[in-house]
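Fold and contact review
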Amino acid sequence: MSFTSLGLSAPILKAIEEQGYDTPSPIQEQAIPAVLAGKDVMAAAQTGTGKTAGFTLPILERLSGGTKVKGNHVRTLILTPTRELAAQVNESVVKYSKHLPLTSTVVFGGVKINPQMQILRKGSDVLVATPGRLLDLYNQNAVKFSQIEVLVLDEADRMLDMGFFRDIKKILDLLPKKRQNLLFSATFSPEIRSLAKGLVNNPVEISVSPENSTATTVEQFVYPVDKSRKSALLVKLIKENNWQQVLIFSRTKHGANRLSMYLEKQGIKSAPIHGNKSQGARTKALAGFKSGEVRALVATDIAARGIDIPQLPQVVNFDLPNVSEDYVHRIGRTGRAGEVGKAISLVTAEEAPDLFGIERLIQKLIPRIDVEGFIPSDIVPESNLSRKPIKAKKPKRAKPNHADGQRSGDNARGHKPAGKNKRHFGAKGSESGGNTAANKPSRRRRPSKPATTSPSK
Ligand code: AMP
């Protein structure tokens, strides 16, 4: 299938060609005709599947030739959980609408609101926003919704995890009833389904199933170590293996800061990225990491979510996540598009239960490597891989603003986040995230479907 057969017009096809895309990804093949036909869509798809173009291209097609947007009004609203994702989605909209007379704007918290109010005065065909800041702007009369034709909820599961449920409900109440609704989520938990009930009408359901497990390869290893020796072991591994671009996950914001400082002291250019950092610092850290100036990016889960870094060779879990599914999301960032990626975890005896939970989820024992001089005095117990089915987990009540809440205007406003009872919407096998197509300057391969850490492997 080619893009030309999907019903997109010349200015959009030209922009696609300039991006070097030659074939639509599976989600694009399904979503583009459905959105063009004006249908509501409910799609199970993660970052790396090409979902952004999947909804953006047909929306732009529908917007072009429509009515002119009035001052302070918007015609399409795209809600995302994080600033990074909002900025990336807006970048995509700008790229794909390059040859169309359409405007796009992005707004999120953590930066001054006045410049955003100014820009919105002219109105914008597309507005990409995080929920908190959007409500602030609405309350200040800077944005009006009566011209809205299309609403997109991107990464809806993560928005609920971050406690944005009430903000989303509030926003939905403010929108015109007659509109097209597109809901994208990595997983379809009961909470997402209940949100969908009041949102989409007779939707086209799309699910991108994981690619077969040979397409992407992630080598996984566990390094048992004492807590006090983790940082030194990490430095040794980075230096000895000469890792030039490594994404390191820390469970806490303070931990990320501390580790980043330590790495710098050891001569490894590093930057932390998390919700307490200003937007400027986050953008700078990410740009530095992408350009190769920053060798080690230390991130918390939420800050890292949705970051599009193609062909990441190395992911390190400095701390294991407490939620096993997050491990799969984390390691899904490496081993993309046929490249072999490595995901290693530094694990203390204390973290053994988390390790067992992960191994049970992926139904695989992760090989362990003992490094001389770092053998822990507190031995990490042997795994005993249980093949009992996993019971639905009790919803985890992450405190808003605790793990990595957004600041100013993007805070989950003190309400309970929804649970993490993740279930795939028609997907067979595992969940993993962040799988991105090779970002080659010339012809680009179409994005692979999510990396698989399939239970059957
Ligand atoms: P997304 O899942 O929307 O985050 O997109 C993942 C990556 O795939 C982005 O870097 C896109 O630029 C790229 N991409 C999207 N569609 C295609 C396509 N049809 N062919 C090649 N690359 C694509």
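In this text, all values refer to a predicted model and were calculated from it rather than measured experimentally.

Reading guide: rules and limits
Residues numbered from 1 in each chain as written. Predicted model: local features only at pLDDT ≥ 70, side-chain atom pairs only at ≥ 80, totals over all residues. Heavy atoms only, no water. Core = buried A, V, L, I, M, F, W, Y, C linked by side-chain atoms within 4.5 Å. Buried < 20%, exposed > 50% of the residue type's maximum accessible area, 1.4 Å probe, protein only. Helix = DSSP H or I, 4+ residues; strand = E, 2+ residues; numbered from the N terminus. Contact = heavy atoms within 4.5 Å. Polar contact = N/O pair within 3.5 Å; in protein donor to acceptor, adjacent residues only side chain to side chain. Pairing = 2+ DSSP bridges. Axes fitted to C-alpha atoms, helices over the stretch in contact; angles between N-to-C directions. UniProt positions renumbered as here; feature names shortened; annotations may be inferred. Arc of directions from axis to C-beta. Parallel < 35°, antiparallel > 145°, perpendicular 65-115°, else oblique. Left-handed = near helix turned anticlockwise from the far one by under 90°. Nonpolar A, V, L, I, M, F, W, Y, C, P; charged D, E, K, R; others polar.

1. Some words on the nonpolar core
- Grouped together as the largest cluster of nonpolar side chains are 38 residues, with contacts concentrated most on Phe-3, Leu-57 and Leu-182.
- When contributions to this core are tallied by element, the ones reaching two or more residues are helix 1 (10-19), helix 2 (26-36), strand 1 (41-44), helix 3 (51-63), helix 4 (83-96), strand 4 (124-129), strand 5 (150-153) and strand 6 (180-185).
- Discounting chain neighbours no more than four positions away, the residues touching Phe-3 are Leu-8, Leu-13, Ile-16, Tyr-21, Asp-22, Thr-23, Pro-24, Gln-28, Ile-32 and Leu-57.
- Within the second largest apolar cluster, 37 residues are counted, among which are Met-42, Met-162, Leu-195 and Leu-199.

2. So, the side chain of His-274
- Assignment of secondary structure puts His-274 in the loop between strand 10 (270-273) and helix 12 (279-291).
- What makes His-274 buried here is its relative accessible area of 1%.
- In this structure the side chain of His-274 is engaged in a polar contact, spanning 2.9 Å, whose partner is the side chain of Asn-257.

3. Focus on the sheet that holds strand 1
- With parallel pairing, the seven strands of this open sheet are ordered in space as 3-4-2-5-6-1-7. On the outer flanks of this sheet lie strand 3 (104-107) and strand 7 (204-207), each paired with one strand and no other. Within this sheet the neighbouring strands show an average axis-to-axis angle of 15°, counted without direction.
- With five bridges connecting them, strand 2 (residues 74-79) and strand 4 associate as parallel partners.

4. Topic: the UniProt feature "short sequence motif: Q motif" (unreviewed entry) in the chain
- What UniProt calls "short sequence motif: Q motif" (unreviewed entry) maps, in this numbering, to residues 1-29.
- Between the end C-alpha atoms of residues 1-29 there is a gap of 8 Å, over a span that is 48% helix and 0% strand.

5. Observations regarding unusual backbone geometry
- The phi angle at Asn-72 is positive, at roughly 65°, despite the residue not being glycine.
- Secondary-structure assignment places Asn-72 in the loop between helix 3 and strand 2.
- Relative accessible area serves as the criterion here: at 17%, Asn-72 is assigned to the buried category.
- Notably, Asn-242 is not glycine yet its phi reads approximately 55°, a positive angle.

6. Quick notes on helix 15 (residues 352-362)
- Three or more residues of helix 15 are buried, namely Ala-352, Asp-354, Leu-355, Ile-358, Glu-359 and Ile-362. Each buried residue of helix 15 sits inside an arc of 155° when the element is viewed along its axis, so together they form one side.
- Positive phi appears at Gln-363, one or two residues downstream of helix 15, with a value of about 55°.

7. Regarding the packing of helix 2 against helix 3
- Between helix 2 and helix 3, the shortest axis-to-axis distance is 8 Å and the interhelical angle comes to 25°. As far as their axial angle goes, helix 3 and helix 2 are roughly parallel. As for how helix 2 packs across helix 3, the hand of that crossing is right-handed. Packed against helix 2, whose contacting residues are Ile-27, Gln-28, Ala-31, Ile-32, Val-35 and Leu-36, the element helix 3 presents Lys-51, Ala-53, Gly-54, Leu-57, Pro-58, Ile-59, Glu-61 and Arg-62 at the interface.
- Within the contact of helix 2 with helix 3, the residues separate by chemical class into nine nonpolar, two polar and three charged.

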